[in-house]
Amino acid sequence: QAQYKGVVGTNPSQFKGDNNPVETVSWDDAVAYCAKLTEKEKAAGRLPGGYEYWLPTEAEWEYACRAGSSTKYYFGDEPDDLLDHAYYNRNGNGVNWATGEGYKMNANPLGLYGLYGNVMEWCFDWYGDYPAVSVGNPIGSLKGQERVLRGGSFASGESQCRSASRFQREPTFSDFQVGFRL
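Just so it is clear, the model here is predicted, and its values are computed rather than measured. (Residues numbered from 1 in each chain as written. Predicted model: local features only at pLDDT ≥ 70, side-chain atom pairs only at ≥ 80, totals over all residues. Heavy atoms only, no water.)

1. With respect to the overall build of the protein
Consideration 1: Looking only at helices and strands, the protein has three helices and four strands in total.
Consideration 2: The order of α-helices and β-strands along the protein, N terminus first, is α-α-α-β-β-β-β.
Consideration 3: Against the 2.2 N^0.38 benchmark of 16 Å for 182 residues, the protein shows a C-alpha radius of gyration of 16 Å, consistent with a compact globule.
Consideration 4: Seen through its principal axes, the protein has C-alpha atoms that stretch 45 × 40 × 30 Å.
Consideration 5: Residue burial in the protein is summarised as follows: out of 182 residues, 43% are buried.
Consideration 6: The contacts in the protein between residues at least 6 apart in sequence include a share of 63% that link residues at least 24 apart.
Consideration 7: Of the roughly 9,600 Å² that the protein leaves accessible, carbon and sulfur atoms contribute 50%. (Helix = DSSP H or I, 4+ residues; strand = E, 2+ residues; numbered from the N terminus. Rg over C-alpha atoms; globule rule 2.2 N^0.38 Å. Buried < 20%, exposed > 50% of the residue type's maximum accessible area, 1.4 Å probe, protein only. Contact = heavy atoms within 4.5 Å. Areas by Shrake-Rupley, 256 points an atom, 1.4 Å probe, with all protein chains shown as cover.)

2. Topic: unusual backbone geometry
Consideration 1: Positive phi values are uncommon outside glycine, yet Thr-24 reaches one of about 60 degrees.
Consideration 2: As for its position among the elements, Thr-24 is in the loop between helix H1 (2-8) and helix H2 (27-43).

3. Details of the sheet that holds strand E1 (residues 120-126)
Consideration 1: In spatial order, the strands read E3-E2-E1-E4; together these four strands make up an open sheet with mixed pairing. The sheet is open, and its two borders are formed by strand E3 (166-169) and strand E4 (178-179), each paired with just one other strand.
Consideration 2: Relative to E4, E1 runs parallel, the two sharing two bridges. Looking at the pairing, Glu-121 lines up with Gly-179 of E4. (Pairing = 2+ DSSP bridges.)

4. Thoughts on the environment of Ser-153
Consideration 1: Take Ser-153: it is sitting in the loop between strand E2 (147-150) and E3.
Consideration 2: With relative accessibility at 0%, the residue Ser-153 sits in the buried group.
Consideration 3: Sequence separation between Ser-153 and Lys-143 is 10 residues, and the spatial gap between their C-alpha atoms is 26 Å.
Consideration 4: Sequence-distant contacts of Ser-153, defined by excluding residues within four places in its chain, comprise Tyr-87, Tyr-88, Gly-117, Asn-118, Val-119, Met-120, Cys-161 and Gln-177.
Consideration 5: For Ser-153, the side chain forms a polar contact with the side chain of Gln-177, separated by 2.5 Å. (Polar contact = N/O pair within 3.5 Å; in protein donor to acceptor, adjacent residues only side chain to side chain.)

None of this, on its own, says anything about what the molecule does.
And the structure:
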């Protein structure tokens with residue numbers, strides 16, 4: 001939230017905390033944040049030419065979440081083990097949790113935290129059916145009415161937190177269970 005406020009100037013989150021994920025942001029808000037952050041970092045000389053911040057595609061998000069696994073979760077198929085990896089409806093206590101050093105769950109093999117539970121995360125893609133054939137690094141639907149959300153939230157059950165679970169909402173939708181990562 002502190003990073004978001006430093007770029008945008010406001011914090012729309014319901015559950016306040018500098019190290020908590022920003023939430024109650026729409027897809028439109030998340031994309032606007034990426035553009036402002038890109039502009040700010042380029043102006044400060046911290047972002048090389050041709051680089052920009054963006055929401056991950058659905059394929060990028062799932063690749064990062066799975067971390068080389070093909071199981072329901074990056075750590076296996078047993079839902080009870082999710083208690084060691086995520087804040088969700090069994091242990092989330094109805095709020096989101098601090099990220100980074102304050103996040104007390106295990107990281108995946110790529111060193112990423114909070115991919116399951118905590119807040120659902122916007123992806124860049126429009127929601128649509130998957131291709132009928134196997135493809136590498138697929139792009140999502142080129143048009144649609146709803147954008148993709150992944151990961152589940154602090155209020156989600158185990159099945160909603162699986163690596164393959166996906167949700168969809170209109171780009172203007174915002175909720176205290178919805179955030180993003182770059």
